[in-house]
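# Survey of secondary and tertiary structure
Chain residues, written in single-letter form:
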Amino acid sequence: VGVAFHALYKSAAMRENLPMVWGKAWAWLLVVWALWLYTPQESESPACRSKHANFWEDYGDAGRSVFAVFLFLEICTLIAWIVSRLYPLALGCCQSALAVRFFWRVRPSKRCSRWQSYVPNGPCCTLRRCHFQYEGEHDASGRPHGHGVWRDDSHHGEVLDSEWRSGVPV
């Protein structure tokens, strides 16, 4: 129970990298389950040694059910982690306004005027929106160019007060 509450706390506090937090939680719960089933006194006696050639028959229906649930949750968490890592890589190849709008869901912020909001890990892997703002000169395409300040309020956000060339800080 403590492991699940710790994972819930981390999910609510950081709200980033949720598949990693829950993957660790499921792994620790699986370790706790295995330790709970292991009884060294009984396993040493010849009467309690495995009577079956099949590993699954020793644990009974309840043990197999618990293990199947944990295995299912670990697989779901692994799939979510893979999607959260591959999705941005695939979109890195698509540097278009449509990709920015679809994946990061960039839009004017409802909380802060003159700021934009976005979903940091894409639509499937985060619970909150982060905000960014650029104040400064622009080129003909609307990208930062010249002197300007970029602000981002995400967990790994930054403030860049620098010179920009075609949307890239120099």
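This write-up is about the structure you can find in this document. Model, not experiment: these values are computed from the prediction.

Rules behind the numbers
- Residues numbered from 1 in each chain as written.
- Predicted model: local features only at pLDDT ≥ 70, side-chain atom pairs only at ≥ 80, totals over all residues.
- Heavy atoms only, no water.
- Phe/Tyr/Trp six-rings, centres within 6.5 Å; stacked < 30°, edge-to-face > 60°.
- Helix = DSSP H or I, 4+ residues; strand = E, 2+ residues; numbered from the N terminus.
- Buried < 20%, exposed > 50% of the residue type's maximum accessible area, 1.4 Å probe, protein only.
- Pairing = 2+ DSSP bridges.

Let us look at the packing of aromatic side chains. Under the criterion given, the structure shown has three aromatic pairs. On the basis of an interplanar angle of 20 degrees and a centroid distance of 4.9 Å, the ring pair of Phe-132 and Trp-150 is categorised as stacked. You can see Phe-132 sitting in strand β3 (residues 130–138) and its partner Trp-150 sitting in strand β4 (residues 144–152), a full 18 residues away along the chain. Members of the aromatic cluster, each reached through a chain of ring pairs, are Tyr-118, Phe-132 and Trp-150.

Along the polypeptide, Gly-157 turns up in the loop between β4 and β5 (159–165). According to the relative accessible area criterion, Gly-157 is partly exposed, its value standing at 32%.

What follows covers the pairing of β4. As paired elements, β3 and β4 share six bridges and run antiparallel to each other. Pairing of Glu-135 across the sheet is with Val-149, part of β4. Hairpin connection from β3 to β4: five residues lie between these consecutive antiparallel strands, with Gly-142 at a positive phi of about 90 degrees. Bridge analysis of β4 against β5 gives six bridges, and the strand direction is antiparallel. Its bridge partner lying in β5, Val-149 is registered against Asp-161. Adjacent in sequence and paired antiparallel, β4 and β5 are bridged by six residues.

Across two bridges, the pairing between β5 and strand β6 (residues 168–169) is antiparallel. Each bridged residue has a counterpart across the sheet, and for Arg-165 the counterpart in β6 is Val-168. Linking β5 back to β6 in an antiparallel pair, the connection comprises two residues, with Ser-166 at a positive phi of about 55 degrees.

Let us now look at the sheet that holds β5. Overall, antiparallel pairing links the six strands, which are arranged β1-β2-β3-β4-β5-β6 in an open sheet. Of all the strands in the sheet, the pair left with one neighbour each is β1 (107–108) and β6.

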